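This is what each chain is made of:
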Amino acid sequence: MPLTDNYYDICSIISMFTVPQAAKILANLIVMGSGILARAMVQAYRQALSNASKSGVAQETLQNAVRRGKVMTEQEARQIFGVTEQATWEEILQAGKYETLFERNAKSGSFYLQSKVQRAKERLETVYRDKDQGAAG
């Protein structure tokens, strides 16, 4: 019996509104809800920016974005191959570090690491070529 009582109560409430009134109420609910959601998203974004600036993530991201346009440094290339500044180009080639690293990353499917190895090789080739030309000239 309580179910039928509730049914009649709901029906009587619904019958109080006409179709245009119900549409207007529904539209108001949607507009108010989207406004609340938009304000919450803006507040969350501001909080995320605040947290990022406190932890230094924002500066690091900016520095990485600026650095992307630059070539690899000699130091980074040496770190990839694990060689010191005293190592000669022949020692690097004889050790097979390039081939080993390049093939290992080719098998594991890491194109990013494979390209890093290639850029490191290109950078060190340039460094040693410039040193040889400077010594010869």
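Predicted model, so just to flag it, every value in this text is computed and none were measured.

**A look at helix α6 (residues 97-108)**
Note on helix geometry: an α-helix contains 3.6 residues per turn, so any two residues three or four positions apart are oriented the same way. The first and last C-alpha atoms of α6 sit 17 Å apart over 12 residues, in line with the 16 Å expected at 1.5 Å per residue. Phi turns positive one or two residues past the end of α6, at Gly109, with a value near 85 degrees.

**Quick look at the UniProt feature "transmembrane region" (unreviewed entry) in the chain**
The sites that carry the UniProt feature "transmembrane region" (unreviewed entry) are, in the present numbering, residues 25-42. A helix fraction of 100% and a strand fraction of 0% characterise residues 25-42, whose end C-alpha atoms lie 26 Å from each other.

**Brief notes about the side chain of Arg78**
With respect to the secondary-structure elements, Arg78 resides in helix α4 (residues 74-81). Among residues more than four places away in sequence, those in contact with Arg78 are Val83, Thr84, Glu85, Ala87, Leu124, Val127, Tyr128 and Lys131.

**Things to note about the pattern of salt bridges**
A side chain of one charge can pair with a side chain of the opposite charge when the charged atoms of the two come close. Summed over all chains, the structure comprises 4 salt bridges. A salt bridge links Glu122 to Arg119; the nearest nitrogen and oxygen atoms lie 3.2 Å apart. Remark: Arg119 and Glu122 occur in helix α7 (residues 111-136); sequence separation between them is 3 residues, near one turn of the helix. By relative accessible area, Arg119 is classed as partly exposed at 42%.

Reading guide: rules and limits
- Residues numbered from 1 in each chain as written.
- Predicted model: local features only at pLDDT ≥ 70, side-chain atom pairs only at ≥ 80, totals over all residues.
- Heavy atoms only, no water.
- Helix = DSSP H or I, 4+ residues; strand = E, 2+ residues; numbered from the N terminus.
- Expected span 1.5 Å × (residues − 1).
- UniProt positions renumbered as here; feature names shortened; annotations may be inferred.
- Contact = heavy atoms within 4.5 Å.
- Salt bridge = Lys/Arg side-chain N within 4 Å of Asp/Glu carboxyl O.
- Buried < 20%, exposed > 50% of the residue type's maximum accessible area, 1.4 Å probe, protein only.

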